[in-house]
There are 2 protein chains.
Amino acid sequence: MHDETDTKERLLNAAEALFARHGCHATSVRAITHAAGANLAAVGYHFGSKEALIRAVIDRRLAPLNRERLARMEAELEAATTASRRPRVATLLRAFIEPTVRFRTTDPKGRDFIAFVARLLHEPEPGARDHFFARMRPVIKRYLPALCAALPKVAPEVIQWRFHFCIGAMAHTLFVAVAPPVAGHHRPTALDGDALVTLLVTFLTAGMKAHS
Amino acid sequence: MHDETDTKERLLNAAEALFARHGCHATSVRAITHAAGANLAAVGYHFGSKEALIRAVIDRRLAPLNRERLARMEAELEAATTASRRPRVATLLRAFIEPTVRFRTTDPKGRDFIAFVARLLHEPEPGARDHFFARMRPVIKRYLPALCAALPKVAPEVIQWRFHFCIGAMAHTLFVAVAPPVAGHHRPTALDGDALVTLLVTFLTAGMKAHS
DNA sequence: GTCTATAGATTGATAGAC
DNA sequence: GTCTATCAATCTATAGAC
């Protein structure tokens, strides 16, 4: 029952899987501790509350993800500067999207996190959602100027909205690609992660560049 | 307390508002009946169960919405046929998107429904989500061939994925535009419904047409 | 149709022994 | 750190009077 990993990490893993499959509201502390092979009181001891556990599940995956997003974005900005060109929209979008998808392919646990986040994005109650957006805000705040530099002919307010379109398309797509259990749903042909990213980047780049 | 409307409708209104604000899992039958000025047993009597009430909330708004979507799509197909041209991508997308947004502007209750549906889209548990997709399937099944006719140079499997991108972008955008309570979130300038639809249609049309 | 009352299960959190 | 035991609050659903 008990892995080599410590209880705290087993709780995070179990919570992530259950949140993805049933939502965080529908997942009880009892279910989490049982799946982790831990005692009912373990969540209270290690995290303080169920809410704090949810935040910990978010942070564990999101922090390295956003680090990679920013690093790749900065690399493109730097390459553009030294080559005296504008940053490329497609490269910026790929830098934002690809870490998530690759992460989904690499780590089997990644799938759970993606389904969880897609749901989190539209969580009506504050709490978990606000925490998620607080972690995303610094990334978005630095992506917007980069996109504006890449698209000097598109108004900044339009770019803001279009970036929202990108985030929505990405989240929904990853959710659909990751969570097959939609009974009889018309899911298109399965794709590997790379093909999916390319498909998304092509679509979103054309949208970002559209002249209104 | 009691409006002129009957109990059943008051329950639907109260449920819709509460589902939008707190999610359907986090909304208790007690909260619904209390908000509707009805008795705790009223949900059981009028709908049979909480699940059946959720389905009724979905159907009440979605049925007329999808009727309008299909009617406007068929009108474009017919206009294209009589003029011996291809259907226009932008017109098809607008026919899909505009009813929802206009509906949001017209009916103050529309806002609640949109927030509810955005959440429903990524609901991990079957039940409400499966019911929603069952209602959407006939619409999507008729939109895909129309889009293929409008885009003869894009492969049908690519069109399927791109239509997913459209749905994700639309759902997330409407949710963001409708649900302001994101603390400190970088929401772009407020827009009226028409401007938002145009912004979306421009973006998505360019994406649909992109040559891979 | 509306109401009270309650059954029966489940929830998050915690006190206190080990 | 882990465990048992339990509290107080909540939940959906329903039986039965009016």
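Description of the structure in this document. Just so it is clear, the model here is predicted, and its values are computed rather than measured.

1. A look at the relation of the copies chain B and chain A
When chain B is fitted onto chain A, the two copies agree to an RMSD of 0.1 Å after a turn of 180° and an axial shift of 0.0 Å. Taken together, the rotation angle and the small translation identify this as a two-fold axis. Most of the interface of chain B is mirrored in chain A, where 100% of its interface residues again form contacts.

2. What to know about the side chain of Glu16(A)
Residues and elements named next belong to chain A. Tracing the chain through its elements places Glu16 in helix 1 (residues 7-22). Here Glu16 falls in the buried class, since its relative accessible area comes to 0%. Setting aside residues no more than four positions away along its own chain, Glu16 makes contact with Val57, Arg60, Arg61, Lys109, Asp112 and Phe113.

3. Digging into the protein's contact with DNA strand D
The local shell around DNA strand D holds 14 residues, among which Thr7(A), Asn39(A), His46(A), Val29(B) and Arg30(B) are the closest. When the atoms of DNA strand D within 4 Å of the protein are sorted by group, sugar and phosphate make up 53%. Arg30(B) has a polar side-chain atom sitting 3.3 Å from a base oxygen of DNA strand D. Between a phosphate oxygen of DNA strand D and a side-chain N or O atom of Lys50(B), the distance comes to 3.1 Å. Looking at the surface near DNA strand D, the elements that each hand over two or more residues are helix 3 (42-47) of chain A together with helix 2 (29-35) of chain B. Classifying every residue of the surface near DNA strand D gives five nonpolar, six polar and three charged.

4. A word on the protein's contact with DNA strand C
Neighbouring DNA strand C are 13 residues; Val29(A), Lys50(A), Thr7(B), Asn39(B) and His46(B) lie closest to it. Looking at DNA strand C alone, sugar and phosphate atoms form 53% of those within 4 Å of the protein. A distance of 3.0 Å separates a phosphate oxygen of DNA strand C from a polar side-chain atom of Lys50(A). One of the side-chain nitrogen or oxygen atoms of Thr7(B) is found 3.0 Å away from a phosphate oxygen of DNA strand C. The set of elements that each furnish at least two residues to the surface near DNA strand C consists of helix 2 (29-35) of chain A together with helix 3 (42-47) of chain B. Taken together, the residues of the surface near DNA strand C break down into five nonpolar, six polar and two charged.

Analysis parameters
- Residues numbered from 1 in each chain as written.
- Chains lettered and ligands numbered in written order.
- Predicted model: local features only at pLDDT ≥ 70, side-chain atom pairs only at ≥ 80, totals over all residues.
- Heavy atoms only, no water.
- Least-squares fit on C-alpha atoms with pLDDT ≥ 70 in both.
- Contact = heavy atoms within 4.5 Å.
- Helix = DSSP H or I, 4+ residues; strand = E, 2+ residues; numbered from the N terminus.
- Buried < 20%, exposed > 50% of the residue type's maximum accessible area, 1.4 Å probe, protein only.
- Near = heavy atom within 4 Å.
- Polar contact = N/O pair within 3.5 Å; in protein donor to acceptor, adjacent residues only side chain to side chain.
- Nonpolar A, V, L, I, M, F, W, Y, C, P; charged D, E, K, R; others polar.

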